[in-house]
Structures are given as C-alpha cells and as structure tokens.
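Per-entry structural report
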Amino acid sequence: MVASTAVVVASGLVQVSFGAFTMSVGTAWSAVFDPLVWTNPQVLLRLFLGEGFGNAVANALGLSTASVDLPKETLIVWQIRMPRVVVGVLVGANLAVSGAVFQAVTRNELASPFILGVSAGAGLAILLSLIVFTGFATFLPLVAAGGGAVAFLLVYVIAWQGGTSPVRLVLAGVIVSTVFGSLQTALFFFADDLGVVQSAIAWTTGSLTGVDWEQVRMALPWTFVAVPLTLVGARQLNVLLLGERTARSLGMSVERVRFALSAVAVLAAGTAIAVAGIVGFVGLIVPHMVRQLVGSDYKRLVVACVFAGPALVTLADVGARLALSPAQLPVGIVTGLVGGPYFLYLMRKQEGLGDL
C-alpha cells in the first residue's frame with residue numbers, strides 16, 4: 001500500500017509538470033500543494049462533486065462556499081492536469097478489482113475483463129451510444145456495464161457444457177472478444193462525423209488524454225459502489241476458490257453468488273471503460289502480482305489491488321505521455337505492451353492451466 005501510494009504520487013507529480021502551458025517543475029509541484037486549495041475544502045468539493053453538489057455538501061458540513069481566487073498556475077494544474085491523474089487512479093482500482101473477482105469466480109488465474117470479453121462488450125456498448133444512440137453520456141458507466149454483462153453471459157453460455165472449465169471460459173472469451181471487436185470496427189463506417197470516429201478510436205485503444213473532472217465525477221460514485229461490494233464479498237470469493245463441491249457443502253448457493261459477484265466485477269470494469277476506454281491487461285497483471293505478495297486471501301488481495309492498480313495505470317500513463325513526447329500514446333498501448341509478455345509468462349509458468 002505504501003509503495004503503491006508512493007508510485008501514484010510520484011507519477012502524478014510527473015504528469016502535472018508537463019503540458020501545453022510551460023511552467024517549471026518546481027512551479028507545478030508548488031501548485032499541487034498550494035495552501036489555497038488544501039485550506040479551502042470547498043475548492044476540492046467543487047472539483048470532485050461539481051459546482052452545485054459540491055456547494056450543497058459544503059453547506060451541509062458547515063463549510064464556506066465562497067469562491068477562492070487561485071493563481072493561474074494552480075488553476076491550470078488543478079483544472080486541466082490533475083483530472084488525468086485522478087481518472088488513472090479510478091481506472092486502475094476498478095480494473096484491478098474486476099480482474100481479481102473474475103479470477104476467483106472462474107477459478108482461473110488467466111481471467112480478466114479483457115480476456116473474458118467483458119471489455120469488448122463494454123466498448124461496443126459505448127461505441128453504440130456514441131455513434132448510434134447519442135444522448136446517453138451521463139449513463140456511460142451503466143451502458144458499459146450492460147454491454148460487459150451481455151458479453152460475459154455470452155462467454156458463459158458458450159463455455160457451458162454441463163458446467164464450465166477455466167480453459168473453456170478463456171477460449172469463449174477470445175471468441176466473444178474477436179466478434180465484438182469486429183463489430184466495433186464495423187461501427188466506424190456508420191459515423192459521418194470525423195470527430196466521433198476519432199473519439200471512438202480513442203475508446204478502443206484506451207486513453208487518458210483530454211479527460212477532465214466530468215470523467216472523475218462520472219466514475220467516482222460507481223467506484224464507491226463496486227469496491228466496497230467487492231470487499232464485502234471477499235469471504236464468498238475465498239469460499240469459491242475452494243471449489244464448487246466444497247462451497248455447496250458449506251451452504252453456499254454457488255451460481256447465485258457467482259453471478260452476483262460477476263455483476264459487481266462487470267460494473268467495475270464498465271466504469272473504467274466508460275471514462276478511459278479499453279485499457280487491456282490491468283485486470284490480469286495486478287491481481288497476479290499482488291497475490292505473490294499478500295497471498296490468495298481476498299480480504300487482503302482486494303485491498304492490495306485497490307492500491308496496486310492505480311500505481312500501474314498512472315505509471316503506464318507517464319510512459320505513454322513521455323515516450324514519444326510531444327506526441328502522446330494511448331495508455332492502453334503501454335499496458336498491452338507490458339501485459340502481452342506477462343500473459344505469456346503466466347501461460348508458461350502454469351502447468352495446470354486454469355487452476356489458482
């Protein structure tokens with residue numbers, strides 16, 4: 001937790017130091033820790049909750065709602081550059097938690113939202129809302145979760161043969177991802193607006209470029225739903241790891257619990273995809289890495305994922321931003337370049353493919 005927090009802070013400080021407006025590194029860091037921001041809670045409340053709701057919360061807490069005149073550098077850092085860091089934190093936490101849940105539900109170390117087709121389903125739903133059914137921007141996390149849920153149900157149906165196996169689930173996920181990926185590409189031909197096409201391409205590659213506080217406010221409430229529900233379900237996840245027969249002997253309704261926890265994982269993945277697009281392999285890498293450090297107890301594993309996921313995404317985004325500066329790579333490309341070889345490493349290492 002401490003190491004991951006340090007990585008996030010260091011990555012965030014690097015992120016706020018670069019942008020179209022030139023300022024020294026010292027000036028940017030001073031803006032981050034500007035006392036005018038930290039001694040006036042209403043400023044942070046307005047940023048994270050929006051003007052209206054932020055003022056309402058400030059009133060309820062007995063805080064001042066007076067406007068604060070911030071220096072230009074502080075405004076640029078907090079209004080333009082800081083949202084990218086915060087969105088990276090939320091995306092990393094949601095994807096890592098989602099991957100951890102899917103790995104327990106399927107009892108498969110190779111499972112993740114990306115591998116199981118959930119990311120492709122959520123991405124297709126978002127593209128449909130951007131290109132065909134416009135006007136659903138406020139509900140993008142729910143739209144993405146709905147698309148991810150449909151994809152996961154298809155994976156489950158394809159893999160079901162009197163039960164499922166880890167290998168069949170992964171293969172079914174590849175099938176669904178391929179089909180939904182093709183449908184995503186086909187949708188580009190129905191978009192007349194070049195700007196919409198560019199936005200859609202950004203969704204499919206996973207990018208934090210251009211995000212603002214609107215994306216933070218979109219993802220924040222759903223994150224506060226998905227992560228606590230995962231922590232509450234940690235005991236059930238531990239029981240599922242023991243196998244279906246043992247879980248049933250302990251009185252668990254296996255299928256009901258499995259689908260309930262899968263719904264939470266789909267919501268978490270959909271929330272991340274709604275604000276950043278399809279950022280691959282985070283849900284695969286992070287749970288496996290933290291499992292080596294804290295073990296397979298999900299009471300510890302979920303907490304570790306909440307910290308380690310943001311560290312990976314924010315660090316990858318630093319690489320995406322600086323690798324070809326001034327051009328910026330989508331963060332999904334960087335996580336894919338890291339995640340692909342790691343996925344191969346897991347396959348080579350694991351003798352009994354699919355067993356945790």
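Note that the coordinates shown come from a computational prediction; the quantities given were computed from them, not determined experimentally. (Residues numbered from 1 in each chain as written. Predicted model: local features only at pLDDT ≥ 70, side-chain atom pairs only at ≥ 80, totals over all residues. Heavy atoms only, no water.)

All right, on to the confidence of the model for the chain then. Chain-level pLDDT for the chain is 86 on average; 93% of the residues reach the 70-or-more range. Across residues 352–356, confidence stays below pLDDT 50; counting only partners more than four residues off in sequence or on other chains, it has 15 contacts. (pLDDT = per-residue confidence, 0-100. Contact = heavy atoms within 4.5 Å.)

This next bit is on helix α7 (residues 118–131). In a regular helix each residue adds 1.5 Å, so 14 residues correspond to 20 Å; α7 covers 20 Å between its end C-alpha atoms and thus fits that length. For α7, the full list of buried residues reads Val118, Ser119, Ala120, Gly121, Ala122, Gly123, Leu124, Ala125, Ile126, Leu127, Ser129 and Ile131. (Helix = DSSP H or I, 4+ residues; strand = E, 2+ residues; numbered from the N terminus. Expected span 1.5 Å × (residues − 1). Buried < 20%, exposed > 50% of the residue type's maximum accessible area, 1.4 Å probe, protein only.)

What follows covers the nonpolar core. Counting 98 residues, the largest nonpolar core has Val77, Trp78, Met82, Phe102 and Tyr298 as its most contacted members. In terms of residue count, the dominant contributor to this core is helix α6 (residues 72–105) (17 residues). With residues near it in sequence (within four places) discarded, Met82 still touches Val16, Val32, Val77 and Trp213. With 9 residues, the next largest nonpolar core counts Leu110, Ile115, Ile285 and Leu346 among its residues. (Core = buried A, V, L, I, M, F, W, Y, C linked by side-chain atoms within 4.5 Å.)

If you trace the backbone, Val279 turns up in the loop between α14 (254–276) and α15 (282–294). Sequence-distant contacts of Val279, defined by excluding residues within four places in its chain, comprise Leu95, Gly206, Val331, Gly332 and Thr335.

Residues Val150, Leu154, Ile158, Ile175, Val179 and Leu183 make up a contiguous nonpolar surface patch of about 480 Å² in total accessible area. Secondary-structure elements contributing two or more residues to the nonpolar patch are α8 (140–159) and α9 (166–187). Structurally, the position occupied by Val179 is in helix α9. (Patch = residues over 30% accessible without salt bridge, like charges linked within 9 Å, V, L, I, M, F, W, Y side chains within 5 Å. Areas by Shrake-Rupley, 256 points an atom, 1.4 Å probe, with all protein chains shown as cover. Salt bridge = Lys/Arg side-chain N within 4 Å of Asp/Glu carboxyl O.)

A few words on the packing of aromatic side chains. Considering all chains together, one arrives at 7 aromatic pairs under this definition. Geometrically, the ring pair formed by Trp38 and Trp78 is edge-to-face, given 5.7 Å between the ring centres and 75 degrees between the ring planes. Of the two residues, Trp38 sits in helix α3 (residues 35–38) while Trp78 sits in helix α6, which places them 40 residues apart along the sequence. Overall, Trp38 belongs to the partly exposed group, its relative accessible area being 47%. Judged by its relative accessible area of 6%, Trp78 falls in the buried class. Seen in terms of ring centroids, Tyr156 and Trp160 are 6.1 Å apart; in terms of plane orientation they differ by 25 degrees. Their pairing is stacked. Overall, the relative accessible area of 7% leaves Tyr156 in the buried class. Among the aromatic residues, those joined into a cluster by ring pairs are Phe102, Phe152, Tyr156, Trp160 and Phe259. (Phe/Tyr/Trp six-rings, centres within 6.5 Å; stacked < 30°, edge-to-face > 60°.)

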